[in-house]
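# A look at the structure
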Amino acid sequence: MCEYKNMPDAVTWVRTSFPNLQDGRFSVMSNHTCTYNCIGWAAGDTENWWWPSPDDYWPEGVPREETIEAFKLAFQTRGYEPCDDGDLESGYERVAIYAIAGQPKHIARQLRSGAWTSKLGKAWDIEHASLDGVECNEYGRTVQYLRRPTHRAS
């Protein structure tokens, strides 16, 4: 169920929830929604809540496991392959998987500017300058980078 009763304004909520963004180095880019989550947002899917549970969307043929490997495989269905870092690279788009103790918690997607975008649970999409902006006790730290060519064959 998706409820937004008594939610603070977006800026206050983000600054409170993400200590590394207290300096205001982020922009709120959407209204809050529970149609999709960070995994779907990073994959370019704003119609589905991605998670490897039986009730959520998960790419066919990918193990329904909360592991880095399963999340890598899920994004490989979208043309992504592992890479070494989150640096901006001409001709590629990147995502970064965050985890705690080897369990994926969040994925951010790199924008053409080099900044990153994240969907914050059932809340807002934001743009943040760096990956560490959304590192926190709930999302953990960046543990895996993936990239795919920006000009893919259809």
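Everything in this summary refers to the structure shown in the same document. (Residues numbered from 1 in each chain as written. Predicted model: local features only at pLDDT ≥ 70, side-chain atom pairs only at ≥ 80, totals over all residues. Heavy atoms only, no water.)

Our next topic: the pairing of strand S6 (residues 125-128). Of the pairings in the sheet, the one linking strand S1 (residues 26-28) to S6 comprises three bridges and is antiparallel in character. Across the sheet, the residue bridging to Val 28 is Ile 126, located in S6. Pairing of strand S5 (residues 116-119) with S6 involves four bridges; the strand directions are antiparallel. If you follow Trp 116 over to S6, its bridge partner there is His 128. Where S5 hands over to S6, the hairpin turn is made up of five residues, of which Gly 121 adopts a positive phi near 60 degrees. (Pairing = 2+ DSSP bridges. Helix = DSSP H or I, 4+ residues; strand = E, 2+ residues; numbered from the N terminus.)

In terms of residue burial, strand S3 (residues 92-100) counts as a mostly covered element, since seven of its nine residues are buried. In this sheet, strand S7 (residues 141-149) lies alongside S3 in antiparallel orientation, the contact comprising eight bridges. For Ile 97, the partnering residue across the bridge sits in S7 and is Gln 144. Pairing of S3 with strand S4 (residues 103-110), which is carried by six bridges, proceeds in the antiparallel orientation. Following the sheet pairing, Ala 96 is matched in S4 by Ala 108. Connecting S3 to the next strand, S4, in antiparallel fashion are two residues, including Ala 101 with a positive phi near 50 degrees. (Buried < 20%, exposed > 50% of the residue type's maximum accessible area, 1.4 Å probe, protein only.)

Keep in mind that these numbers describe shape and distance, not what the molecule does.
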